[in-house]
Amino acid sequence: MHNFQAQDHFSDGAQYIAGRLTKGTSGTHHAVVDPATGNEVYSYELAGSDDVDAAVAAAAEAFPGWARATPGERSDALHRFAGVLADRAEEFAQAESLQCGKPIKLSREFDVPGTVDNAAFFAGAARHLQGQSAGEYTGDHTSYVRREPIGVVGSIAPWNYPLQMAAWKVLPAIAAGNTIVLKPAELTPFTSLLFAQAATEAGIPDGVVNIVTGAGKEAGERLVGHPDVAMTSFTGSTGVGKRVAEIATATVKRLHLELGGKAPFVVFDDADLDAAVHGAVAGALINSGQDCTAATRAYVQRPLYDAFVAGVADLMESVRLGDPFDPSTDMGPLISHVHRDRVAGFVDRARSYARVVTGGEALQHPGAFYKPTLIADAAQDSEVVQSEIFGPVLVVLPFDSDDEGIRLANDTPYGLAASAWSRDVFRANRATREIKAGCVWVNDHIPILSEMPHGGYKASGYGKDMSAYSFEEYTQVKHVMFDNTAVVRKDWHRTIFGDR
Ligand code: NAD
């Protein structure tokens with residue numbers, strides 16, 4: 001059982017503007033439903049355009065002071081922030097599991113510690129923002145480069161990892177001296193709100209971190225199109241990302257897009273079969289498969305193919321579905337009944353052209369549970385191989401030559417993550433070089449870390465979350481040039497004045 005009562009925490013509303021919870025003013029209410037039971041656990045008024053405007057105004061007002069704070073001051077605040085998050089870890093884990101239906105062991109061991117570590121990482125990184133070295137490149141001038149924050153950042157996040165997405169958006173932005181308005185998905189507001197409250201508790205000034213919880217069409221589009229927002233950072237589906245890009249481009253905003261994925265999992269015939277089977281099941285089922293980097297397409301070299309299919313099916317059947325708050329539960333429900341039905345639709349359509357080896361059905365249960373599913377014999381150009389399903393569904397296909405395995409791995413519009421399984425260092429190294437994805441694991445699939453960048457190739461977007469690389473998104477560089485000569489008539493004036 002959990003003891004997170006959302007109403008006790010958010011009785012003042014689900015918007016966090018200038019350091020205070022407020023109610024939305026859109027006129028539309030939204031019910032947060034526990035996907036494991038189907039029960040409503042909180043209801044709130046969504047943010048409308050006026051709420052977005054108020055949040056952007058608060059962020060714009062806070063910007064000059066926060067941008068002027070020294071790196072050391074911002075670092076101190078982020079260290080305190082990491083401390084508050086660590087102190088409240090269990091509360092965050094319960095809120096995350098309640099709104100997402102994710103197993104409490106996943107929230108406790110992955111989402112929350114990952115977020116604390118991210119805060120600690122950016123506390124350190126805040127002191128390492130550098131421009132290039134200065135120098136006299138013309139001989140008559142000194143040039144140097146200043147690295148500066150962008151201004152108010154408008155961020156939009158999905159529902160699959162609400163806490164980590166809030167952290168990935170907020171931490172690099174504010175470490176670099178920006179202020180931010182974050183719109184979480186309307187299904188999952190709790191941990192973004194707790195995160196913003198923790199920032200305030202840590203002494204981060206009011207207005208630096210603001211949350212607007214509203215619908216994509218209204219609050220989301222207003223945030224992306226707002227004239228006082230200097231940058232949009234979006235994580236979500238490729239379809240919505242294209243719409244966001246159109247709006248952001250019309251207002252000439254800097255844009256960072258973390259979009260969908262369809263990660264390949266390539267098993268060469270010298271791989272450790274048992275390791276690959278375990279890696280595939282864990283990599284496909286983490287967070288009920290609602291993970292943009294989840295293993296979704298296993299390509300297995302012919303000699304291992306039958307044993308891999310049998311091993312994965314057996315292991316999937318041993319996965320325990322159930323109450324997310326039972327520490328022994330391996331897999332929770334999907335985020336909603338609507339999403340479960342969408343996942344079921346992919347599998348049901350696949351029955352006409354492929355073989356459902358195991359799973360392929362919802363649990364008879366009031367929650368939005370769907371069984372771990374393995375699909376074989378689908379063609380490379382079929383829907384289940386090409387489209388992002390975002391559920392506990394792994395598709396497995398055979399390949400013959402190494403060239404073919406790598407070609408098939410690259411043959412979708414996406415390029416977020418991939419893995420290669422082999423004990424041959426040359427083969428594995430070639431795969432890491434030739435697979436087009438923002439991350440390629442060797443003999444593992446899923447781990448992420450604060451020091452390393454996360455971001456896509458191709459239709460999975462551009463720009464990086466986490467690591468010092470994220471500062472490339474959240475800062476701009478300014479060239480400053482000093483004349484060193486004090487000469488009135490500079491040599492280059494000849495281009496204007498001729499010989500006068
Ligand atoms: P989604 O695209 O439906 O929604 C994402 C966010 O965009 C939500 O906050 C939503 O309210 C908002 N939104 C919807 N329409 C909008 C509009 N017209 N204008 C502005 N904002 C709008 O995605 P989702 O279903 O919440 O999340 C799943 C998707 O997120 C998957 O495609 C997954 O791969 C992707 N994802 C990617 C990464 C990554 O790092 N690349 C990480 C997590 C999730």
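So, here's what we can say about the structure. (Residues numbered from 1 in each chain as written. Predicted model: local features only at pLDDT ≥ 70, side-chain atom pairs only at ≥ 80, totals over all residues. Heavy atoms only, no water.)

### Details of the packing of aromatic side chains
Phase 1: Applying the stated criterion across every chain yields a total of 15 aromatic pairs.
Phase 2: Considering the side-chain rings of F110 and Y161, the 6.0 Å spacing of their centres and the 70° angle between planes classify their relative orientation as edge-to-face. On the criterion of sequence distance, the pair formed by F110 in helix α5 (residues 104-125) and Y161 in the loop between β6 (152-156) and α6 (162-175) is long-range, its members being 51 residues apart.
Phase 3: Taken together, the aromatic side chains of F4, F10, Y42, Y44 and F190 make up a single cluster linked through ring pairs. (Phe/Tyr/Trp six-rings, centres within 6.5 Å; stacked < 30°, edge-to-face > 60°. Helix = DSSP H or I, 4+ residues; strand = E, 2+ residues; numbered from the N terminus.)

### Examining the layout of surface pockets
Phase 1: There is about 1000 Å³ of room inside the largest pocket.
Phase 2: Along the wall of the largest pocket there are 42 residues; nearest its centre are P158, W159, A185, S237 and V240.
Phase 3: Those elements that provide at least two residues to the lining of the largest pocket are β3 (29-34), α8 (216-225), β9 (231-235), α9 (238-250) and α12 (337-350).
Phase 4: Considering only residue class, the lining of the largest pocket consists of 23 nonpolar, 12 polar and seven charged.
Phase 5: Built from parts of two domains, the lining of the largest pocket gets at least three residues from each of domain 1 (6-259 + 460-479) and domain 2 (263-442).
Phase 6: Taken together, 23 residues line the second largest pocket, and the ones lying closest to its centre are V281, A282, L285, I286 and D330.
Phase 7: Among the elements of the structure, α5 and α10 (273-285) are those that each provide at least two residues to the lining of the second largest pocket.
Phase 8: Looking at the lining of the second largest pocket, the element that brings in the most residues is α10, giving six residues.
Phase 9: Among the residues making up the lining of the second largest pocket, the classes are represented as 12 nonpolar, seven polar and four charged.
Phase 10: Formed jointly, the lining of the second largest pocket draws a minimum of three residues from each of two domains, domain 1 (6-259 + 460-479) and domain 2 (263-442). (1 Å grid on protein atoms, 1.4 Å probe; cavity = no way out; pocket = protein on both sides within 12 Å on 5 of 7 lines; lining within 4 Å. Points joined across faces, edges and corners; volume = space filled by probe spheres on them. Nonpolar A, V, L, I, M, F, W, Y, C, P; charged D, E, K, R; others polar. Domains from an automatic or database assignment.)

### Topic: the sheet that holds strand β13 (residues 355-358)
Two orientations exist for strands paired in a sheet by backbone hydrogen bonds: parallel and antiparallel.
Phase 1: Taking strand neighbours across the sheet as the criterion, the seven strands line up as β13-β14-β15-β12-β11-β16-β17 in an open arrangement whose pairing is mixed. Because the sheet does not close on itself, it has two edges, and the strands there are β13 and β17 (439-442). Recorded for the sheet is a direction-independent mean angle of 25° between the axes of neighbouring strands.
Phase 2: In this structure, strand β16 (residues 417-421) lies alongside β17, joined through four bridges in parallel fashion. (Pairing = 2+ DSSP bridges. Axes fitted to C-alpha atoms, helices over the stretch in contact; angles between N-to-C directions.)

### Comments concerning the site of the ligand
Phase 1: Near the ligand, the surroundings consist of 28 residues, among which A157, E221, S237, L259 and E388 are the closest.
Phase 2: Interatomic distance of 2.8 Å between a side-chain N/O atom of K183 and an oxygen atom of the ligand.
Phase 3: At 2.8 Å from an oxygen atom of the ligand is found a side-chain nitrogen or oxygen belonging to H454.
Phase 4: Protein burial of the ligand: of its 850 Å² of free accessible surface, 89% is covered by the chains.
Phase 5: When atom positions are compared with the pocket grids, the ligand is found to occupy the largest pocket.
Phase 6: For the shell around the ligand, the secondary-structure elements that each account for two or more residues are α8, β9 and α9.
Phase 7: Built from parts of two domains, the shell around the ligand gets at least three residues from each of domain 1 (6-259 + 460-479) and domain 2 (263-442). (Near = heavy atom within 4 Å. Polar contact = N/O pair within 3.5 Å; in protein donor to acceptor, adjacent residues only side chain to side chain. Areas by Shrake-Rupley, 256 points an atom, 1.4 Å probe, with all protein chains shown as cover. Sits in = over half its atoms within 2 Å of the grid points.)

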